[in-house]
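Inside the fold
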Amino acid sequence: ISLFAAVYFLYRNRVKNIERTNQAQQEINQYRQQALSKQMNPHFLFNSLNSIQYYIVKNDRISSSRYLSKFATLMRVILNNSQNQAISLNDEMNALKLYLELESMRFKERFEYIIEIDPLINQITTLIPPFIIQPFIENSIWHGLMNRDGSGLLQIKLIQEEFFLRCIIEDNGVGRQHARSEEH
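In this report, the structure presented in the accompanying data block is examined.

Reading the values: the criteria
Residues numbered from 1 in each chain as written. Predicted model: local features only at pLDDT ≥ 70, side-chain atom pairs only at ≥ 80, totals over all residues. Heavy atoms only, no water. Pairing = 2+ DSSP bridges. Helix = DSSP H or I, 4+ residues; strand = E, 2+ residues; numbered from the N terminus. Axes fitted to C-alpha atoms, helices over the stretch in contact; angles between N-to-C directions. Contact = heavy atoms within 4.5 Å. Expected span 1.5 Å × (residues − 1). Buried < 20%, exposed > 50% of the residue type's maximum accessible area, 1.4 Å probe, protein only. Core = buried A, V, L, I, M, F, W, Y, C linked by side-chain atoms within 4.5 Å. Salt bridge = Lys/Arg side-chain N within 4 Å of Asp/Glu carboxyl O.

Here we take up the sheet that holds strand β5 (residues 164-171). Strands sit in the order β2-β4-β5 across an open sheet of three strands; the sheet is mixed. Looking along the sheet, the strands with just one partner apiece sit at the ends: β2 (111-117) and β5. Along the sheet, successive strands turn relative to each other by an average axial angle of 10°, direction set aside. Summarising the sheet, β2 and strand β4 (residues 152-161) pair through seven bridges and their orientation is parallel. Its bridge partner lying in β4, E116 is registered against K157. Sheet strands in contact with helix α4 (residues 89-106) are β2, β4 and β5, and its direction is about 170° off that of β2. Helix α5 (residues 134-145) contacts β2, β4 and β5 of the sheet and is inclined by roughly 150° relative to β4.

The structure is reproduced here in C-alpha coordinates:
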(Lines give C-alpha, C1' and ligand atoms only; values in the text may rest on other atoms or scores of the structure.)
Protein backbone atom coordinates (compact mmCIF):
# COMPACT_ATOMS: atom_id res chain seq x y z
CA ILE A 1 0.00 0.00 0.00
CA SER A 2 2.87 2.38 0.81
CA LEU A 3 4.45 1.72 -2.59
CA PHE A 4 1.12 2.29 -4.34
CA ALA A 5 0.57 5.53 -2.35
CA ALA A 6 4.06 6.76 -3.24
CA VAL A 7 3.57 6.01 -6.94
CA TYR A 8 0.14 7.67 -6.86
CA PHE A 9 1.60 10.71 -5.07
CA LEU A 10 4.41 11.04 -7.65
CA TYR A 11 1.92 10.60 -10.49
CA ARG A 12 -0.42 13.29 -9.07
CA ASN A 13 2.51 15.61 -8.51
CA ARG A 14 3.65 15.15 -12.13
CA VAL A 15 0.13 15.81 -13.46
CA LYS A 16 -0.12 19.00 -11.39
CA ASN A 17 3.27 20.20 -12.69
CA ILE A 18 2.16 19.58 -16.28
CA GLU A 19 -1.11 21.45 -15.63
CA ARG A 20 0.80 24.40 -14.13
CA THR A 21 3.18 24.46 -17.09
CA ASN A 22 0.28 24.39 -19.56
CA GLN A 23 -1.52 27.14 -17.66
CA ALA A 24 1.61 29.31 -17.66
CA GLN A 25 2.08 28.74 -21.41
CA GLN A 26 -1.56 29.70 -22.04
CA GLU A 27 -1.09 32.91 -20.04
CA ILE A 28 2.09 33.73 -21.97
CA ASN A 29 0.27 33.19 -25.26
CA GLN A 30 -2.61 35.37 -24.06
CA TYR A 31 -0.20 38.18 -23.10
CA ARG A 32 1.54 37.90 -26.46
CA GLN A 33 -1.78 38.15 -28.24
CA GLN A 34 -2.74 41.19 -26.14
CA ALA A 35 0.61 42.81 -26.89
CA LEU A 36 0.15 42.19 -30.60
CA SER A 37 -3.35 43.64 -30.61
CA LYS A 38 -2.12 46.74 -28.77
CA GLN A 39 0.78 47.13 -31.16
CA MET A 40 -1.48 46.95 -34.16
CA ASN A 41 -3.62 49.89 -33.14
CA PRO A 42 -6.88 49.65 -35.13
CA HIS A 43 -6.94 53.43 -35.70
CA PHE A 44 -3.45 53.37 -37.14
CA LEU A 45 -4.29 50.42 -39.41
CA PHE A 46 -7.52 52.02 -40.60
CA ASN A 47 -5.90 55.40 -41.22
CA SER A 48 -2.93 53.82 -43.01
CA LEU A 49 -5.21 51.90 -45.34
CA ASN A 50 -7.16 55.12 -45.98
CA SER A 51 -3.91 56.86 -46.89
CA ILE A 52 -3.08 54.11 -49.35
CA GLN A 53 -6.57 54.44 -50.81
CA TYR A 54 -6.12 58.23 -51.06
CA TYR A 55 -2.90 57.85 -53.05
CA ILE A 56 -4.54 55.30 -55.33
CA VAL A 57 -7.59 57.51 -55.96
CA LYS A 58 -5.30 60.45 -56.72
CA ASN A 59 -3.52 58.12 -59.15
CA ASP A 60 -0.23 58.76 -57.31
CA ARG A 61 1.37 55.40 -58.03
CA ILE A 62 4.77 56.29 -56.61
CA SER A 63 3.43 57.48 -53.24
CA SER A 64 0.92 54.63 -52.95
CA SER A 65 3.60 52.07 -53.75
CA ARG A 66 6.09 53.62 -51.34
CA TYR A 67 3.52 53.89 -48.55
CA LEU A 68 2.24 50.35 -49.09
CA SER A 69 5.78 48.96 -49.08
CA LYS A 70 6.63 50.69 -45.79
CA PHE A 71 3.29 49.66 -44.29
CA ALA A 72 3.84 46.00 -45.24
CA THR A 73 7.36 46.10 -43.82
CA LEU A 74 6.10 47.59 -40.55
CA MET A 75 3.38 44.93 -40.25
CA ARG A 76 5.99 42.19 -40.78
CA VAL A 77 8.26 43.76 -38.16
CA ILE A 78 5.38 44.04 -35.66
CA LEU A 79 4.39 40.41 -36.21
CA ASN A 80 7.98 39.22 -35.86
CA ASN A 81 8.67 41.33 -32.77
CA SER A 82 5.44 40.25 -31.08
CA GLN A 83 6.77 36.69 -30.88
CA ASN A 84 9.34 37.85 -28.32
CA GLN A 85 8.98 39.22 -24.83
CA ALA A 86 12.03 41.41 -25.41
CA ILE A 87 13.79 42.64 -28.53
CA SER A 88 16.99 44.56 -29.11
CA LEU A 89 16.85 48.32 -28.94
CA ASN A 90 18.07 48.28 -32.54
CA ASP A 91 14.99 46.31 -33.64
CA GLU A 92 12.73 48.64 -31.67
CA MET A 93 14.30 51.70 -33.29
CA ASN A 94 13.90 50.21 -36.77
CA ALA A 95 10.19 49.59 -36.12
CA LEU A 96 9.78 53.07 -34.64
CA LYS A 97 11.46 54.70 -37.65
CA LEU A 98 9.12 52.87 -40.01
CA TYR A 99 6.14 54.00 -37.94
CA LEU A 100 7.36 57.61 -37.94
CA GLU A 101 8.00 57.57 -41.70
CA LEU A 102 4.44 56.36 -42.30
CA GLU A 103 2.92 58.95 -39.99
CA SER A 104 5.01 61.70 -41.57
CA MET A 105 3.88 60.65 -45.05
CA ARG A 106 0.27 60.35 -43.91
CA PHE A 107 0.29 63.84 -42.42
CA LYS A 108 1.95 65.27 -45.52
CA GLU A 109 5.21 65.81 -43.67
CA ARG A 110 3.72 68.32 -41.21
CA PHE A 111 6.36 67.27 -38.70
CA GLU A 112 9.98 66.24 -38.59
CA TYR A 113 11.51 63.86 -36.12
CA ILE A 114 14.94 63.40 -34.61
CA ILE A 115 16.08 60.30 -32.77
CA GLU A 116 19.16 60.66 -30.56
CA ILE A 117 20.65 57.58 -28.93
CA ASP A 118 23.33 57.85 -26.28
CA PRO A 119 26.55 56.36 -27.75
CA LEU A 120 27.07 54.47 -24.47
CA ILE A 121 24.01 52.32 -25.27
CA ASN A 122 24.71 49.07 -27.06
CA GLN A 123 21.65 48.85 -29.29
CA ILE A 124 22.21 45.17 -30.07
CA THR A 125 22.52 43.86 -26.50
CA THR A 126 20.06 46.25 -24.84
CA LEU A 127 16.70 44.46 -24.67
CA ILE A 128 13.30 46.09 -24.20
CA PRO A 129 9.66 45.02 -24.67
CA PRO A 130 8.60 45.30 -28.31
CA PHE A 131 6.98 48.52 -29.55
CA ILE A 132 6.90 49.99 -26.04
CA ILE A 133 7.81 53.54 -27.13
CA GLN A 134 5.31 53.82 -30.01
CA PRO A 135 2.17 54.65 -27.95
CA PHE A 136 3.95 57.65 -26.41
CA ILE A 137 5.11 58.81 -29.83
CA GLU A 138 1.57 58.41 -31.15
CA ASN A 139 0.20 60.58 -28.32
CA SER A 140 2.80 63.22 -29.04
CA ILE A 141 1.86 63.30 -32.72
CA TRP A 142 -1.91 63.26 -32.24
CA HIS A 143 -2.29 65.49 -29.18
CA GLY A 144 0.58 67.87 -29.78
CA LEU A 145 1.83 68.14 -33.30
CA MET A 146 -1.38 67.66 -35.29
CA ASN A 147 -3.13 70.47 -33.42
CA ARG A 148 -0.29 72.85 -34.21
CA ASP A 149 -0.35 75.38 -37.01
CA GLY A 150 2.68 74.89 -39.22
CA SER A 151 5.46 72.37 -39.07
CA GLY A 152 6.20 70.43 -35.91
CA LEU A 153 9.28 68.83 -34.41
CA LEU A 154 9.38 65.56 -32.47
CA GLN A 155 12.53 64.63 -30.57
CA ILE A 156 13.19 61.20 -29.09
CA LYS A 157 16.22 60.82 -26.84
CA LEU A 158 17.47 57.57 -25.33
CA ILE A 159 19.91 57.99 -22.48
CA GLN A 160 21.79 55.37 -20.45
CA GLU A 161 21.44 56.11 -16.73
CA GLU A 162 23.14 53.68 -14.38
CA PHE A 163 21.11 50.49 -14.68
CA PHE A 164 18.21 51.73 -16.76
CA LEU A 165 17.37 53.33 -20.06
CA ARG A 166 15.60 56.70 -20.06
CA CYS A 167 13.46 57.69 -23.03
CA ILE A 168 12.61 61.38 -23.37
CA ILE A 169 9.99 62.42 -25.90
CA GLU A 170 9.60 66.12 -26.62
CA ASP A 171 7.57 67.98 -29.20
CA ASN A 172 6.77 71.58 -30.00
CA GLY A 173 3.05 70.87 -30.20
CA VAL A 174 0.22 72.63 -28.43
CA GLY A 175 0.12 70.31 -25.42
CA ARG A 176 -2.54 67.95 -24.09
CA GLN A 177 -4.62 70.59 -22.30
CA HIS A 178 -4.91 72.76 -25.38
CA ALA A 179 -5.49 69.75 -27.68
CA ARG A 180 -8.25 68.51 -25.35
CA SER A 181 -9.96 71.91 -25.38
CA GLU A 182 -9.77 71.98 -29.19
CA GLU A 183 -11.50 68.58 -29.38
CA HIS A 184 -14.54 69.74 -27.39
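Turning our attention to helix α2 (residues 42-57). Side chains that are three or four residues apart share a direction in an α-helix, a result of its 3.6 residues per turn. Compared with the 22 Å implied by 1.5 Å per residue over 16 residues, the 22 Å span of α2 between its first and last C-alpha is a close match. Turning to α2, its buried residues are F44, L45, N47, S48, S51, I52 and Y55. On its buried face, α2 sits against α3 (61-81), α4 and α5. Of the residues trailing α2, N59 is marked for its positive phi of about 60°.

This brings us to the nonpolar core. Considering soluble globular proteins, one finds that nonpolar side chains tend to be buried as a cluster. Core analysis: the biggest nonpolar cluster contains 31 residues, and L74, Y99, L100, I137 and I141 have the highest contact counts within it. Elements that contribute at least two residues to this core include exactly α2, α3, α4, α5 and β4. No other element matches α4, which puts nine residues into this core. Not counting the four nearest positions on each side in its chain, I137 is found in contact with L96, Y99, L100, L154, I156 and I169.

Next up on the list: the pattern of salt bridges. When the charged atoms of two side chains with opposite charge come close together, those side chains can pair. Going through the model one piece at a time under the given rule, you end up with four salt bridges. When the shortest N-O distance is used, the salt bridge between E103 and R106 registers 2.8 Å. In this pair, E103 and R106 are both assigned in helix α4, three residues apart and thus about one turn of the helix distant. Comparing E103 with R106, the two get one shared label, buried. Measuring nitrogen to oxygen at the nearest pair gives 3.5 Å for the salt bridge that ties K157 to E170. Here K157, found in strand β4, pairs with E170, found in strand β5; they are 13 residues apart in sequence, far enough to count as distant. Residue E170 is classed as partly exposed on the basis of its relative accessible area of 36%.

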